[in-house]
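A look at the structure
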Amino acid sequence: MEKPDSKQFARATLLVCILALMVTACSQESGEAESSNAKTKSSKPVSTAILLVTLDTTRADRLGIETRDVDTPNLKTLADRGVYFKQAYSVTPTTLPSHTSMMTGLYPADHKVRENARQIDKKLELLPALLKTRGYKTAAFVSGYPLSSQFGLSRGFGHYDDAFVSSAAERSATETTDLAISWLKGKASPLFMWVHYFDPHDPYQPPEPFKSQYPDEPYLGEIAYMDQQFGRLLTAFEDHNQGRPWKIIVVGDHGEGLGDHGETLHGNLLYQGTMRVPLIVAGTGIEAGTSERAVSVRQVFDTVLNWSGEDRPGGLLGEQVEPVLAEALKPYMHFGWQPQFMAVLDGIKVIMSGDTEIYDVRTDPAEANNLDSVIEPDPALWDAIESYSSLALAEPDTEQQQQALSQDALDKLASLGYIGSPGRSRLREDAPNPRDMVHLYHDMDIAAEYFFRQDYAAAITVFTRILESDPNNFMTALRLAVSYSVTGDDIQAQKFFDRAKAIDPASADLRHYQAMHYMKNEQWDLAQPLFESVLVESPDRLTTLAALAKVYSSQGELKKALLQLERIVKIKDSPGIEWTRLGLLRMALSDTKGAIRAFEISQKMMGDQFTSHLDLGVLYMAERRFKDAAASLDKVSSRHPAYPMALYKRAQTSVLLREKDREKRVRQAWLQADRTTRPLIETERLFQDISFR
Ligand SMILES: [Zn+2]
């Protein structure tokens, strides 16, 4: 790509000088403001306004701070004014866990959020709640679905703006910045605002003029665009806090492989491209400089609390030096490959993943020369990485968290290239090193996308290719079986169910999907024991409960079906459809009152989406609640296949209620009668005195 011209550079340098002058003036001003405030208002210190900006998928070496390949004047200027950390690391190359570390101060092995689409434990103390107790107003503006409030990161924020998630998977930096700036207006200090930009995440589609400025490197275009919007935000934040102390942290959640070590995106490996992130702290009282000390994104937590007035040793500007840790467990959790851990101290980085890699990342940032058996790193590195890995791998499975996700949630994650894990992690005997499997990551990403988009024919081609390369890949064998099942190729489906069973005979997922396959072919008696055994292990697995309810219904075991549905409505969020199904089952069991109650709850939850008005109307009639019956029957859509029945029932209620237009209603029911309702109307005793023919 083209280099920025020298004029651009001269302009940037000039800008830096002007801003540097302004900072000096500003900090003097704010110092005065603080002392005069102290005089008039007793000794209470002025609270610092705090802005946290997280840059998704942003590589440290792809900002204008470290490279001339891209122009990011706003971040560059901020780095010059504040402290730029040259060795800042993510905790894991994935969005939700990384942000969870920032909000808790914990590593993933401690907060237990290892992947996207996990629930954050309600017992964990989150940063906004702690700031609130210190009198802070808090707000967050996030731009990507992995940070949707449903996963729990919103807990404790006074305002959490993820409004885009109902319509899209991400929101542009412009929209997010607009919202953040308008929230800022009129807000009194102290305030803590977190703004998250998602633009550099793939797909890379920068808007103009950045699209044209970086025609061959749209990733850099996204970064330049994000920088422009960050500039607007920073200006608004500084203007808002004129005369008051303020501080800011800008940090990446993880980087992007961009082909380094064969990795295109992020999430699977621990090399610098995805693990080293940009990190800047700046603001009132912070002297400009750079830091070579290895630091972690989890230190955002202590840093912000320090700024709010708490005394924490672990802040970014403190003196504490300890190994910085990280993990990449996705290949392990999904495919049983080697788990990967890393530790960095004084520029020496150790990666453990079945074998050991050691790099001096200051002199060898590309990690080309493995120094294992060449140098002996500080024993503190080994101790840290060993105790971390044993803690990380001792964790019980997270299947329950996974199952709480709706299909809608899984689909949105899939559209961003994320896939759920089978839940139970198991190291294979032939576990390959994820580093040696990079040729499969692209196939895995696209196969998962096809699978979740329900393009099974395309998925089959890619899954087959993956399985040829990695024959003991359980999840791929299982998804291949499911894809064949859905496309109706039962012979191939069974072949790959058997293959998956040979790899992991105890898997509950295998039993669930094998049973789904039997269910599709109406082999209820084969499906039933498999579903039942899955529920022994995971009693709250919603999809299994729903499927087993259907199996029992088909077998005529209505009471057993009822028990499954009752379990679902207890544990699922807004189970409107399940309440409808409960109503239908209770109707079939002649439980009129129970059915009415179930339909009423369903109607309340579903609003316009509720479709059982006819059933409910008939039930009200049985209970002689004719007015309620009339109201329900009036709501039956004329497109409903049993609409003539609704008209007939409505005519009956009309006569029973002695409504003025009852003759007209009977006539209408007669005129629109079908084969079922015609003889009923002709012989209806209620209609004896009405001439409708
Ligand atoms: Zn991210």
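Residues numbered from 1 in each chain as written. Predicted model: local features only at pLDDT ≥ 70, side-chain atom pairs only at ≥ 80, totals over all residues. Heavy atoms only, no water.

Taken together, the protein donors to the zinc ion comprise Asp56 (OD), Asp56 (OD), Thr95 (OG1), Asp253 (OD) and His254 (NE2), at separations of 2.0 to 2.7 Å. One chain supplies every donor for the zinc ion, spaced along it as D-x38-T-x157-D-H. Both residues of the pair, aspartate 253 and histidine 254, count as buried. (Donors = N, O, S within 2.8 Å, 3.2 Å for Na, K, Ca; no water. Buried < 20%, exposed > 50% of the residue type's maximum accessible area, 1.4 Å probe, protein only.)

Another aspect to go through is a negative patch on the surface. Together, Asp346, Asp378, Asp383 and Glu386 line one region of the surface with negative charge. By secondary structure assignment, the location of aspartate 383 is in helix α12 (residues 379-393). Looking at aspartate 383, the relative accessible area reads 51%, which means it is exposed. (Patch = residues over 30% accessible without salt bridge, like charges linked within 9 Å, V, L, I, M, F, W, Y side chains within 5 Å. Areas by Shrake-Rupley, 256 points an atom, 1.4 Å probe, with all protein chains shown as cover. Salt bridge = Lys/Arg side-chain N within 4 Å of Asp/Glu carboxyl O. Lys, Arg positive; Asp, Glu negative; His and termini not counted. Charge placed at Lys NZ, Arg CZ, Asp CG, Glu CD. Helix = DSSP H or I, 4+ residues; strand = E, 2+ residues; numbered from the N terminus.)

What follows concerns the sheet that holds strand β12 (residues 340-345). Strand order in the open sheet formed by four strands is β11-β12-β13-β14, and the pairing between neighbours is antiparallel. What marks the edges here is a single partner per strand, and that holds for β11 (324-328) and β14 (355-360). The mean angle between the axes of side-by-side strands here comes to 15 degrees, regardless of whether they run parallel or antiparallel. Summarising the sheet, β11 and β12 pair through five bridges and their orientation is antiparallel. In the sheet register, alanine 326 faces β12, and the bridge partner there is methionine 342. (Pairing = 2+ DSSP bridges. Axes fitted to C-alpha atoms, helices over the stretch in contact; angles between N-to-C directions.)

Counting buried positions along strand β7 (residues 246-252) yields seven of seven residues, so the element is predominantly enclosed. The alternating pattern of β7 places Trp246, Ile248, Val250 and Gly252 and Lys247, Ile249 and Val251 on opposite faces, both of which are buried. Strand direction decides the pairing type here: strand β1 (residues 49-55) and β7, joined by seven bridges, are parallel. What sits directly across from leucine 52, in β7, is isoleucine 249.

One pass over the full model with this rule turns up 21 aromatic pairs. Directly above the ring of tryptophan 670 sits arginine 678, whose terminal nitrogen or CZ lies 5.0 Å from the centroid. (Phe/Tyr/Trp six-rings, centres within 6.5 Å; stacked < 30°, edge-to-face > 60°. Lys NZ or Arg CZ within 6 Å of the ring centre and 35° of its normal.)

Our focus in this paragraph is the packing of helix α21 (residues 542-554) against helix α22 (residues 558-571). The packing of two helices is summarised by the inter-axis angle and the distance between the axes. Across the interface, α21 lies against α22 with an axial gap of 7 Å and an inter-helix angle of 160 degrees. The pairing of α21 with α22 is recorded here as roughly antiparallel in orientation. Two packed elements cross with a definite hand, and for α21 against α22 that hand is left-handed. On α22, the residues that touch Leu542, Leu545, Ala546, Leu548, Ala549, Tyr552 and Ser553 of α21 are Leu558, Lys560, Ala561, Gln564, Leu565, Arg567, Ile568 and Ile571. Broken down by class, the residue content of the contact of α21 with α22 amounts to 11 nonpolar, two polar and two charged. (Parallel < 35°, antiparallel > 145°, perpendicular 65-115°, else oblique. Left-handed = near helix turned anticlockwise from the far one by under 90°. Contact = heavy atoms within 4.5 Å. Nonpolar A, V, L, I, M, F, W, Y, C, P; charged D, E, K, R; others polar.)

Our next topic: the environment of valine 91. Along the chain, valine 91 falls in the loop between β3 (88-89) and α3 (95-104). A relative accessible area of 0% places valine 91 in the buried class. Between the C-alpha atom of valine 91 and that of valine 324, which follows or precedes it by 233 residues, the distance is 8.4 Å. Look past the residues within four positions of valine 91 in its chain and what remains in contact with it is Pro97, Ser98, Ser101, Tyr107, Pro108, Met275, Ser296, Val297, Arg298, Leu325, Ala326 and Glu327.

Right, let's talk about the pairing of β1 for a bit. With respect to burial, β1 is a largely interior element, seven of its seven residues being buried. Covered by surrounding structure in β1 are Ala49, Leu51, Val53 and Leu55 together with Ile50, Leu52 and Thr54, the residues of both alternating faces. As judged from the six bridges shared by β1 and strand β6 (residues 191-197), these two strands associate in the parallel manner. Bridging across to β6, leucine 51 finds its partner in methionine 193.

Before going further, it helps to spend a moment on the sheet that holds strand β4 (residues 137-141). The mixed open sheet is built from eight strands, whose spatial order is β5-β4-β6-β1-β7-β8-β2-β9. The sheet is open, and its two borders are formed by β5 (159-161) and β9 (289-291), each paired with just one other strand. Going across the sheet, the axis of each strand differs from the next one's by a mean of 10 degrees, ignoring polarity.

To continue, consider helix α28 (residues 662-671). Within α28, burial applies to Val666, Ala669 and Trp670. An end-on view of α28 places all buried positions within 100 degrees of arc, on one side of the element. The exposed residues of α28 that point more than 90 degrees off its buried face are Lys664 and Leu671. Residues of α28 that are buried in the fold lie against α27 (643-656) and α29 (677-682). (Arc of directions from axis to C-beta.)

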